[in-house]
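Here are the chains, one letter per residue:
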Amino acid sequence: MVQSEPKIPKKIWQARQRIQPFVQKTPLIPSTILSNLTNKKVYFKLETANAIGAFKLRGAANKILSLSKEEQSKGVTTFSTGNHGLAVSYVAKALGLKAVVCVSNRVPQEKIDALAQFGAELEIAGDSQDDAGERCRELESKYGMTIVPPFDDQEVIAGQGTIGLELLNDLPQVDHCIIPLSGGGLLAGIGAAIKSVDPDVRISGVSIKGASAMSESLKKGYPVDVAETDTLADSLLGGIGAHNQYTLRMVREVMDDLHLLTEPEIRRGMSHMVFKEQVMVEGAAAVGTAALLEEKLEQPGESIVLIVSGKNGDISALREEQDQPLEDKKGACL
Ligand SMILES: *Cc1c(COP(=O)(O)O)cnc(C)c1O
């Protein structure tokens, strides 16, 4: 079977046009502290500035806006309780479409409240993520609702790729882009956009040591699952889908290197962002910073961009830590 290559770069340009009503260009700001530390020019691309506090708005908006009027009229559904669930809810509400987020009865109340705040209609289905997924597929087959996938979808990938276009526009001299990696929609999209213009820009992925399904799947060459762990970077948990069609292949093509971080390293990156840079982030958005601080990355180029992917986490875990190491703080003043 001859499979035609998805025309991702063109789709990214189309996405940029399409999502304009929902997505303003996000800020690119220099980090003086990290620039001094690394002797490079380090920038943050603040995806935290999106209306839902994370980049997932781009992919969800592009997917939903690319549906036909008839498809739209039947509504959309997802079983993501994280940033993707928020994004789908937000876009559907703005367009006046029905959106159902299927959740298991184990999902914590804060997540339910956050989803409700963005206009989601919630449906409690069973007591596992699998049950919630099952209910989504039922809504699709029985009522013709469209499932909006969180990453493995050409329109979703293209939507996330619009970040790459903004970057090339704001910083054409970019040498190196460091991207949080889970299902790979974010990295595949940005990587495709940037490499279609300049294949020499280095694309690095960063994820959780011992809990990166993408890392294991790349090693094996097919999708594998990994156990989940307790982490500040919970937006990076989850598999890549047993029938992954796009992101595994695209990540293999566009990613130059991958770095896996321990929990203390992620915590250090998040602390740095919140307390030193005064940039509000969730753990997943701080892994690029963490990788730089741990000097895990080879940095051949001059200009480095860290994708700061979202801010919808719980920072109370960090507050507890800040109260403890008084010695460290004294040391830092000397
Ligand atoms: C979803 C998400 C990621 C990972 O994106 P993928 O496309 O799944 O690789 C990173 N950071 C945040 C904040 C996210 O919500």
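As a convention, each chain's residues are numbered from 1 in the sequence order in which they are written. Reporting in this predicted model follows two pLDDT cut-offs: at least 70 for local features of residues, and 80 or more for side-chain atom pairs to be given and counted; totals over whole chains, interfaces and linings ignore these cut-offs and use all residues. With hydrogens and water excluded, all non-hydrogen atoms of the structure serve as input to the side-chain values.

What follows is about the pairing of strand β8 (residues 202–208). One face of the sheet, then the other: side chains in a regular strand alternate in exactly this way. Note on classification: 1.4 Å probe, protein chains only; a residue is buried when its accessible area is under 20% of the maximum for its type, exposed when over 50%, partly exposed between these limits. Helix numbering and strand numbering both begin at the N terminus, where a helix is a DSSP run of H or I of at least 4 residues and a strand a DSSP run of E of at least 2. Extensive coverage of β8 is indicated by the burial of 7 of its 7 residues. As paired strands, strand β7 (residues 176–180) and β8 are joined by 5 bridges and run parallel to one another. Residue Ile 178 lies in a different strand from β8, and its bridge partner there is Ser 204. Handedness of the crossover is the feature at issue here: the chain leaves β7, passes through helix α9 (residues 185–197), returns alongside β8, and the resulting connection is right-handed. Strand pairing is assigned whenever DSSP identifies at least 2 bridges connecting the two strands. With the strands aimed away from the viewer, a crossover counts as right-handed if its path from the first strand over the helix to the second runs clockwise.

Moving on: the packing of helix α1 (residues 8–19) against helix α8 (residues 154–170). Two quantities define a packed helix pair, namely the angle between the helix axes and the distance between the axes. Where α1 meets α8, the closest approach of the two axes is 7 Å, and the angle between their N-to-C directions is 80°. If you check the angle between α1 and α8, you find them roughly perpendicular. Here α1 contributes Ile 8, Lys 11, Ile 12, Trp 13, Ala 15, Arg 16, Arg 18 and Ile 19 to the contact with α8, which in turn contributes Gln 154, Glu 155, Ile 157, Ala 158, Gly 159, Gly 161, Thr 162 and Leu 165. Gly is put with the polar residues, along with every residue not named as nonpolar or charged; the nonpolar set is Ala, Val, Leu, Ile, Met, Phe, Trp, Tyr, Cys and Pro, and the charged set is Asp, Glu, Lys and Arg. In terms of residue class, the contact of α1 with α8 is built from 8 nonpolar, 4 polar and 4 charged. Helix axes are fitted to C-alpha atoms over the stretch in contact, other axes to C-alpha atoms as well, and angles between N-to-C directions run from 0 to 180 degrees. Roughly parallel covers angles under 35 degrees, roughly antiparallel covers those over 145, roughly perpendicular covers 65 to 115, and oblique covers all other angles. Residue contacts are counted whenever heavy atoms from the two residues lie within 4.5 Å of one another.

This part covers the sheet that holds strand β5 (residues 121–124). Strands sit in the order β5-β4-β3-β6 across an open sheet of 4 strands; the sheet is parallel. Every interior strand has two partners, whereas the edge strands, β5 and β6 (146–147), have only one. Pairing of strand β3 (residues 76–78) with β6 involves 2 bridges; the strand directions are parallel. Looking at the pairing, Thr 77 lines up with Ile 147 of β6. The sheet contacts of helix α5 (residues 83–95) involve β3 and β4 (99–103), and relative to β3 the element is tilted by about 165°. Against the sheet, helix α7 (residues 129–143) contacts β3, β4, β5 and β6, and its axis sits at roughly 150° relative to β4.

It is common to report an interface's size as the accessible area lost on association of the parts. Domain annotation of the protein identifies domain 1 (5–54 + 153–328) and domain 2 (56–147). Each of domain 1 and domain 2 has a C-alpha centre, and these two points are 24 Å apart. The interface is formed by 24 residues belonging to domain 1 together with 18 residues belonging to domain 2. The quantity reported as buried area is the accessible area (1.4 Å probe) lost by two parts once they are put together, taken as the sum for both. Interface of domain 1 and domain 2: buried area, both sides summed, is about 1,800 Å²; carbon and sulfur atoms make up 61% of it. Its largest share of buried area at the contact with domain 2, domain 1 owes to Arg 18, Phe 22 and Ile 52, together 38% of the area lost on that side. By convention in these notes, a salt bridge is any Lys or Arg side-chain nitrogen within 4 Å of a carboxyl oxygen on Asp or Glu. Taken together, the links from domain 1 to domain 2 amount to 4 salt bridges. Between Lys 63 and Asp 153 there is a salt bridge, with its nearest N and O atoms 2.8 Å apart. Two N or O atoms form a polar contact when they lie within 3.5 Å of each other; inside protein one atom must be a possible hydrogen donor and the other a possible acceptor, and for residues adjacent in sequence the pair counts only when both atoms belong to side chains. Counting across the domain 1 and domain 2 interface gives 11 residue pairs in polar contact (both at pLDDT 80 or more). Going through the elements one at a time, α1 and α8 are the ones with two or more residues in the side of domain 1 that touches domain 2. Sort the elements by how many residues they give to the side of domain 1 that touches domain 2 and α8 lands first, with 8 residues. These domain boundaries are the output of an automatic or database domain assignment.

On to the nonpolar core, then. As used in this record, nonpolar core signifies buried Ala, Val, Leu, Ile, Met, Phe, Trp, Tyr and Cys residues forming a set joined through side-chain atoms within 4.5 Å. Core analysis: the largest hydrophobic core is formed by 37 residues, its most contacted members being Cys 177, Ile 179, Leu 187, Ile 190, Ile 194 and Ile 307. Of all the secondary-structure elements, those providing two or more residues to this core are α1, α8, β7, α9, α10 (213–220), α11 (247–254) and β10 (303–308). The leading source of residues in this core is α9, at 7 residues. Of all hydrophobic cores here, the second largest spans 33 residues; its members include Ile 178, Ile 208, Val 274 and Ile 304.

Taken together, the 6 strands give an open sheet; going across it, the order is β1-β2-β10-β7-β8-β9, and neighbouring strands pair in mixed fashion. The open sheet is flanked by β1 (28–30) and β9 (257–261), the only strands paired with a single partner. Each adjacent strand pair in this sheet contributes to an overall mean axis angle of 25°, direction not counted.

Before going further, it helps to examine the environment of Ile 64. Mapped onto the elements of the fold, Ile 64 is located in helix α3 (residues 56–65). Filtering out sequence-adjacent residues up to four positions away, Ile 64 remains in contact with Gln 72, Val 76, Val 88, Val 91, Leu 95, Leu 97 and Val 148.

UniProt positions are given in the numbering used here, feature names are shortened, and annotations may be inferred rather than shown by experiment. Using the residue numbers shown here, the UniProt feature "domain: Tryptophan synthase beta chain-like PALP" (unreviewed entry) corresponds to residues 20–310. Secondary structure content for residues 20–310 is 44% helix and 16% strand, while the C-alpha to C-alpha distance between its ends is 19 Å.

Of note, Ile 190 is situated in helix α9. By relative accessible area, which is 0% here, Ile 190 ends up buried. Spatially, the C-alpha atoms of Ile 190 and Phe 118 are 26 Å apart, while their sequence positions differ by 72 residues. Aside from chain neighbours lying at most four places away, what touches Ile 190 is Gln 160, Gly 161, Ile 163, Gly 164, Cys 177, Ile 179 and Ile 307.

Another aspect to go through is the site of the ligand. It suffices for a single heavy atom of a residue to lie within 4 Å of a molecule or strand for the residue to be listed as near it. Close to the ligand lie 16 residues, the nearest being Lys 56, Asn 83, Ser 182, Gly 184 and Ser 309. Taking 380 Å² as the accessible area of the ligand by itself, protein coverage stands at 97%. Among the residues forming the shell around the ligand, the class breakdown is 6 nonpolar, 8 polar and 2 charged. Using a 1.4 Å probe, accessible areas were evaluated by the Shrake-Rupley method; residue-level cover was limited to the displayed protein chains.

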